[in-house]
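Structure at a glance
Here's the letter readout for the chains.
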Amino acid sequence: MAKVVPTRSEVLFLFRSLLRTARQFSDYNIREYTKRRTIDGFRQNRTLSDPDSIASAFSLGKAQLEIAKRQAVVYSLYAPKVKSIMDLKPCNSI
Amino acid sequence: MASKLLASTLRQTLLSKFTTTHHVRPLSTAAAAAVSADYHEDTDGITMKGVKISGRPLYLDVQATSPVDPRVLDAMLPYYLSRYGNPHSRTHLFGWESENAVEAARSQVASLIGASPKEIIFTSGATESNNISVKGVLHFYKDKKRHVITTQTEHKCVLDSCRHLQQEGFEVTYLPVKSDGLIDLDQLRSAIRPDTGLVSVMAVNNEIGVIQPMEEIGQICKEFNVPFHTDAAQALGKIPVDVEKWNVSLMSLSGHKIYGPKGVGALYLRRRPRIRVEPQMNGGGQERGLRSGTVPTPLVVGMGAACELAKMEMQYDEKRIKSLQERLLNGVREKLDGVVVNGSEERRYAGNLNLSFAYVEGESLLMGLKEVAVSSGSACTSASLEPSYVLRALGVDEDMAHTSIRFGIGRFTTEAEIDRAVELTVHQVEKLREMSPLYEMVKEGINIKDIQWSQH
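Quantities reported herein were computed from a predicted structural model and do not represent experimental measurements. Each chain carries its own residue numbering, running from 1 in the written order of its sequence. Throughout, the order in which chains and ligands are written sets their labels, letters from A for the former and numbers from 1 for the latter. Side-chain atom pairs in this predicted model are given and counted only at pLDDT of 80 or more, local residue features only at pLDDT of at least 70, and totals for whole chains, interfaces and linings cover all residues. Based on all heavy atoms of the structure, the side-chain values leave hydrogens and waters out of the count.

**Quick notes on the packing of helix 4 (residues 93-113) of chain B against helix 10 (residues 297-335) of chain B**
Two quantities define a packed helix pair, namely the angle between the helix axes and the distance between the axes. Residues and elements named next belong to chain B. Selection rule: Between N-to-C directions, angles cover 0 to 180 degrees, with each direction set by a line fitted to C-alpha atoms, over the stretch in contact for helices. Helical segments are the DSSP runs of H or I of at least four residues, strand segments are the runs of E of at least two, and each set is numbered from the N terminus. Crossing handedness is read from the near helix: turned anticlockwise from the far helix by less than a right angle, it gives a left-handed crossing, and turned clockwise, a right-handed one. Only heavy atoms matter for contacts: two residues are in contact if any of them lie within 4.5 Å across the pair. Gly counts as polar in this scheme, as do all residues outside two lists: the nonpolar Ala, Val, Leu, Ile, Met, Phe, Trp, Tyr, Cys and Pro, and the charged Asp, Glu, Lys and Arg.
Between helix 4 and helix 10, the least distance of the axes is 8 Å, while the angle of their chain directions is 35°. Note on packing geometry: the crossing formed by helix 4 with helix 10 is left-handed. Contacts from Ser 98, Ala 101, Val 102, Ala 105, Gln 108, Val 109, Ser 111 and Leu 112 in helix 4 reach Thr 297, Val 300, Val 301, Met 303, Gly 304, Ala 305, Cys 307, Glu 308, Ala 310, Lys 311 and Met 314 in helix 10. Taken together, the residues that form the contact of helix 4 with helix 10 break down as 12 nonpolar, 5 polar and 2 charged.

See below:
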C-alpha cells in the first residue's frame, strides 16, 4: 500500500493541532500527558527517513488527533466543579 | 392465640413505625446535615468526611486503581451507544459486531503476554481469575492433588482461596519471604511434594512492588511438572510479561490496573500442556463453559485497547516512571533522615515506592497528607489500623510497618506533582517529628530500643 508522505507543513500543522487540542482537556493529568506525549512523540520520530515509516507515523498521529478532539469534548461534559490542586497553584502563590 | 395476635399486632406497629421514621429521615434536619457534612462540592473546594480540600488531590495511588486512558474510553464508548449487542447473539448484526469486537480484544490481550487468543478467558477481574485458578485447578484434580504452595505476601484473594481449600481438607504451604520480599527458590524446591497441585506466586507485589524471579520459579515448576499460577495484575503492561518465558499455566490479569475499565479481567489458561479447571460460575456456557455470564463487550473492548496501548507505550512509560521515582526518592531522602524503602530496591517495579518514615505514625501522616492521594498499602486493608501483613512477612519492625506509605507513579503523573508530593510529605513528616518525643530522644543519642517503658 503506497502511502502519501506528508509535507513539512502538514507535519507541523498536525503537531500544532495536537498541542492545541491538548490544552482543551479539563483534566490536569490528561492535559499534561497529551502535551508531553505529543512533544516526545514528534521528537522521537524526528530522525525518521524511510517514507513508509514517516507516512505511518503521520497517520497514527492523525488518528490520535481525532481521539483527542473527541475526548476533550467528553471530558469537558463531565468535568468536576473543583479543579485539581495542581491547577490552583498559581492562585495560591499570589 | 391471643398472645400470637398481640405479637403480630405489635410487630406490625413497630414495623410501620420503623418504616415511617425511615421515610421521614431524609427530610429531617439531622439527616440533611449529615448528608451535606459528608459531602459538599462547589467551586471553592470539596468538603468530605470533615476534611476541606481546596482542589482535587494529586493522585499517587495507581496500584489501587489507575485512571482510564482517554484512548481506552474512546474505544469503549461506541459499545455503550449504538453497538449494544450481546456478543453471544448469533442471529443478527448487533451480536456479530459485538462478537468481532470481543474477539479482537482477546487477540490484543493475548498479544501483550505472548499467548494465543484461544488461551484467554474474560472474567470480572483478577480476583475472579485468582479464585478460578486456585480453587478451580485443585477441585478439578482433587483425587490426586491435595497440596498448594503459595507465599505469605500474596494478595488477599489468593490467600483467602487457599484458606477455603484448607477448610475442605487440602493442605497449603505458605512460603516465607526474605527481608527484600523475594522468595527463596531452594525453599520452594523443597516444599514441592508429589501431590502438589499448584504453585501460586504473584509477579509484582501490590504493596511493595518487588518482582519475583518468575523465570526461575517457572523452571522449577517445569522440572517437577507442577502447574504454575501467577497473579500478574500489577505486572501486566509494566514489565515484559511472556507466558512462555515464565512457563506459567495460569495467569490472572486485571483491566483497571493498566488504565482500562474496572470490572473486567482475564485469565490465561495454557492449552499445551493443557491445564483444566472446574468453573466457579455455571450457566450459559460462555467463554467455553469456564466462565458463564454475558461477556461485557464495552469493558472487554476497553481492556483490549488498554493492552494494545500498554504494548505500545511500555518503553516510554517505563523510562518516565523510573525518572519520576528517582526524583521522588531523592527529593525525600535529601531532606529527611530515617527513610526506608520497603522491599528490594533492585528487583522492583519503579512505579511502586513503599516508604517507611521512622518516628512518625503512619495514620497521622496520611491524615496530614490530604492533598496527596496515597495509601498505607493495599486498598483492601487500608481501612484497618493493623500494619500490613506483607510488611510483617518481610520482617519489618512493628513501628516501621506502621509508618509505611505507598507512592504509586503512573502514566499520567507529572514532575510537578512529584515535587508537590515531596514538599508536602517533607513538611508533614517534619511537623510530626517536631511533636514526637521519640525523635527528640533519638536526636540526643538515646537508642529507643533500649528504653524500658515502665508501664508495658
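**A look at unusual backbone geometry**
Residues and elements named next belong to chain B. Test applied: Type-normalised accessible area, obtained with a 1.4 Å probe on protein chains alone, sets the label of each residue: buried when under 20%, exposed when over 50%, and partly exposed for intermediate values.
Residue Arg 272 is joined to Pro 273 through a cis peptide bond whose omega torsion reads -10°. With respect to the helices and strands, the residue Pro 273 is situated in the loop between strand 11 (265-269) and helix 10. Despite not being glycine, Tyr 259 shows a phi value in the positive range, around 65°. Inspection of the secondary structure assignment puts Tyr 259 in the loop between strand 10 (250-254) and strand 11. Residue classification places Tyr 259 among the buried residues on the basis of a relative accessible area of 6%.

**Focus: a positive patch on the surface**
Cut-off, in case you're wondering: Two distance rules govern patches: like charges are joined within 9 Å, and nonpolar side chains (Val, Leu, Ile, Met, Phe, Trp, Tyr) within 5 Å, applied only to residues with over 30% relative accessible area and no salt bridge. Exposure was quantified through the Shrake-Rupley algorithm and a 1.4 Å probe, taking into account, for residues, occlusion by the shown protein chains and nothing else. Only one rule defines a salt bridge in this text: a Lys or Arg side-chain nitrogen within 4 Å of an Asp or Glu carboxyl oxygen. The charged-residue count follows a simple rule in which Lys and Arg add positive charge and Asp and Glu add negative charge, with His and chain termini not counted at all. A single reference atom marks each charge: NZ on Lys, CZ on Arg, CG on Asp, CD on Glu.
On the surface, B:Lys118, B:Arg271, B:Arg272, B:Arg274, B:Arg276 and B:Arg288 cluster together into a positively charged patch. Within the secondary structure, B:Arg288 sits in the loop between strand 11 and helix 10.

**A short note on the packing of aromatic side chains**
The description of two aromatic rings rests on the distance between their centres and on the angle between their planes. Rule in force here: Classification of ring pairs uses Phe, Tyr and Trp, with its six-membered ring standing for Trp, and accepts pairs whose centres are within 6.5 Å; under 30 degrees between planes counts as stacked, over 60 as edge-to-face, and the remaining range as tilted. Only Lys NZ and Arg CZ are tested; either one counts as a charge over a ring when it is within 6 Å of the ring centre and within 35 degrees of the ring normal.
One pass over the structure, following the stated rule, counts 7 aromatic pairs over all chains. Taking the centre distance of 5.1 Å and the plane angle of 70° together, the rings of B:Phe140 and B:Tyr141 count as edge-to-face. Residue B:Phe140 is classed as partly exposed on the basis of its relative accessible area of 35%. The side chain of A:Arg37 reaches across the aromatic face of B:Tyr316, ending 3.9 Å from its centre. Of note, B:Arg146 hangs over the ring of B:Phe170, and the distance from its end group to the ring centre comes to 4.3 Å.

**With respect to the sheet that holds strand 1 (residues 39-42) of chain B**
Residues and elements named next belong to chain B. Note the following rule: Two strands pair under a simple rule: DSSP has to find at least two bridges between them.
What the 3 strands build is an open sheet, ordered 1-2-3; its pairing is antiparallel. Strands at the two margins of the open sheet, each flanked by one partner only, are strand 1 and strand 3 (51-53). Taken over all neighbouring pairs, the strand axes of this sheet differ in orientation by 10° on average, direction set aside. Bridge count for strand 2 (residues 45-48) against strand 3 is 3 bridges, and the pairing is antiparallel. Residue pairing for strand 3: Thr 47 is matched across the bridge by Lys 52.

**Considering a nonpolar patch on the surface**
A surface patch of nonpolar side chains, about 460 Å² in accessible area, is lined by B:Tyr84, B:Leu93, B:Phe94 and B:Trp96. The exposure class assigned to B:Phe94 is partly exposed, which follows from its relative accessible area of 33%.

**Overview of the UniProt feature "domain: Complex 1 LYR protein" (unreviewed entry) in chain A**
Filter applied, for reference: UniProt positions are given in the numbering used here, feature names are shortened, and annotations may be inferred rather than shown by experiment.
Residues annotated in UniProt with the feature "domain: Complex 1 LYR protein" (unreviewed entry) correspond here to residues 10-66 of chain A. Annotation note: span residues 10-66 of chain A, helix share 82%, strand share 0%, distance between end C-alpha atoms 15 Å.

**Looking at the pairing of strand 15 (residues 404-408) of chain B**
A large share of strand 15 of chain B lies buried, amounting to 5 of its 5 residues. Burial of the side chains of strand 15 of chain B extends over both faces: B:Ser404, B:Arg406 and B:Gly408 are buried on one face and B:Ile405 and B:Phe407 on the other.

**Looking at helix 4 of chain B**
All names here are of chain B. We count it as follows: Expected helix span is computed as 1.5 Å times (number of residues minus one).
The end-to-end C-alpha distance of helix 4, which contains 21 residues, comes to 31 Å, matching closely the 30 Å that a straight helix rising 1.5 Å per residue would cover. Within helix 4, burial applies to Gly 95, Glu 97, Ser 98, Ala 101, Val 102, Ala 105, Arg 106, Val 109, Ala 110, Leu 112 and Ile 113. Packing partners of the buried residues in helix 4 comprise strand 5 (120-123), helix 9 (243-246), strand 10, strand 11 and helix 10. Phi turns positive one or two residues past the end of helix 4, at Gly 114, with a value near 70°.

**A short note on the sheet that holds strand 8 (residues 196-200) of chain B**
Residues and elements named next belong to chain B. In space, the 7 strands of this open sheet follow the order 5-11-10-9-8-6-7, with mixed pairing throughout. Strands with a single pairing partner mark the edges of an open sheet, and in this sheet they are strand 5 and strand 7 (171-175). Taking each pair of neighbouring strands and ignoring which way they run, the sheet shows an average axis angle of 20°. In the packing of helix 4 onto the sheet, the strands contacted are strand 5, strand 10 and strand 11, and the crossing angle to strand 5 comes to about 115°.

**With respect to empty space enclosed by the protein**
Residues and elements named next belong to chain B. Note the threshold: A cavity, in this analysis, means grid points on a 1 Å lattice covering only the protein atoms where a 1.4 Å probe fits yet has no way out; a pocket is instead an open set bounded by protein on both sides within 12 Å along at least five of seven lines, and a residue lines either one if it has an atom within 4 Å of a point. Grid points are joined across faces, edges and corners, and a volume is the space filled by probe spheres set on the points.
Tallied over the entire structure, the rule returns 3 cavities of 30 Å³ or more. In this model, the largest cavity occupies a volume close to 100 Å³. Lining the largest cavity, in full, are Leu 236, Gly 237, Lys 238, Ile 258, Tyr 259, Ala 310, Met 314, Asp 317, Glu 318, Ile 321, Tyr 349 and Arg 411. By residue class, the composition of the lining of the largest cavity is 7 nonpolar, 1 polar and 4 charged.

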